[in-house]
Amino acid sequence: MTEFTATVTVRLKRGVLDPEAETTKQALERLGFELSALRSADRFELDLEAEDAASAEARADEMAERLLANPTIHDYDVAVAQR
């Protein structure tokens, strides 16, 4: 078994109301920064053991589908790196 770190980034789908991002965008604009859009995201780092990177990615993907993200309102990405 090899040790991997899987990073799962979960964000609201486009079109889903994101009040945290809207508040942050407005604050940045008041500070003089120009933005066309801003989206907030949650990032989870999972340390796990697997036979290979593909197996680690499949396990992290299952965790995202079953708990970390709500597929109705969230998109997510999984990236895997060997530790």
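These figures come from a predicted structure and were not determined experimentally. (Residues numbered from 1 in each chain as written. Predicted model: local features only at pLDDT ≥ 70, side-chain atom pairs only at ≥ 80, totals over all residues. Heavy atoms only, no water.)

Asks: Just checking my understanding: could you explain the nonpolar core for this structure?
Replies: In this structure, V8, L46, L48 and Y76 are the most contacted members of the largest nonpolar core, which totals 13 residues. Contributing elements (two or more residues each) for this core: β1 (2–12), β2 (41–50) and α2 (53–68). (Core = buried A, V, L, I, M, F, W, Y, C linked by side-chain atoms within 4.5 Å. Buried < 20%, exposed > 50% of the residue type's maximum accessible area, 1.4 Å probe, protein only. Helix = DSSP H or I, 4+ residues; strand = E, 2+ residues; numbered from the N terminus.)

Asks: Got a minute to help me understand the layout of surface pockets in this structure?
Replies: Regions of empty space are outlined by a rolling probe, equal in size to a water molecule, passed over the atoms. As a volume, the largest pocket reaches approximately 190 Å³. Taken together, 13 residues form the lining of the largest pocket, with G15, V16, D18, L38 and R39 sitting closest to its centre. Considering each element in turn, the lining of the largest pocket owes the most residues, three residues, to helix α1 (residues 19–30). Looking at the lining of the largest pocket residue by residue, the classes come out as six nonpolar, one polar and six charged. (1 Å grid on protein atoms, 1.4 Å probe; cavity = no way out; pocket = protein on both sides within 12 Å on 5 of 7 lines; lining within 4 Å. Points joined across faces, edges and corners; volume = space filled by probe spheres on them. Nonpolar A, V, L, I, M, F, W, Y, C, P; charged D, E, K, R; others polar.)

Asks: Would you mind going over the pairing of β1 with me for this structure?
Replies: One face of the sheet, then the other: side chains in a regular strand alternate in exactly this way. Within β1, eight of the eleven residues are buried, which leaves the element mostly enclosed by the surrounding structure. As judged from the nine bridges shared by β1 and strand β3 (residues 74–82), these two strands associate in the antiparallel manner. By the bridge assignment, V10 is partnered in β3 with Y76. (Pairing = 2+ DSSP bridges.)

Asks: Help me understand the pattern of salt bridges in this model?
Replies: A side chain of one charge can pair with a side chain of the opposite charge when the charged atoms of the two come close. Enumeration according to the criterion identifies six salt bridges in this entry. Here E45 makes a salt bridge to R43, at a shortest N to O gap of 2.1 Å. Through salt bridges with shared partners, a single network forms among E3, D47 and R83. (Salt bridge = Lys/Arg side-chain N within 4 Å of Asp/Glu carboxyl O.)

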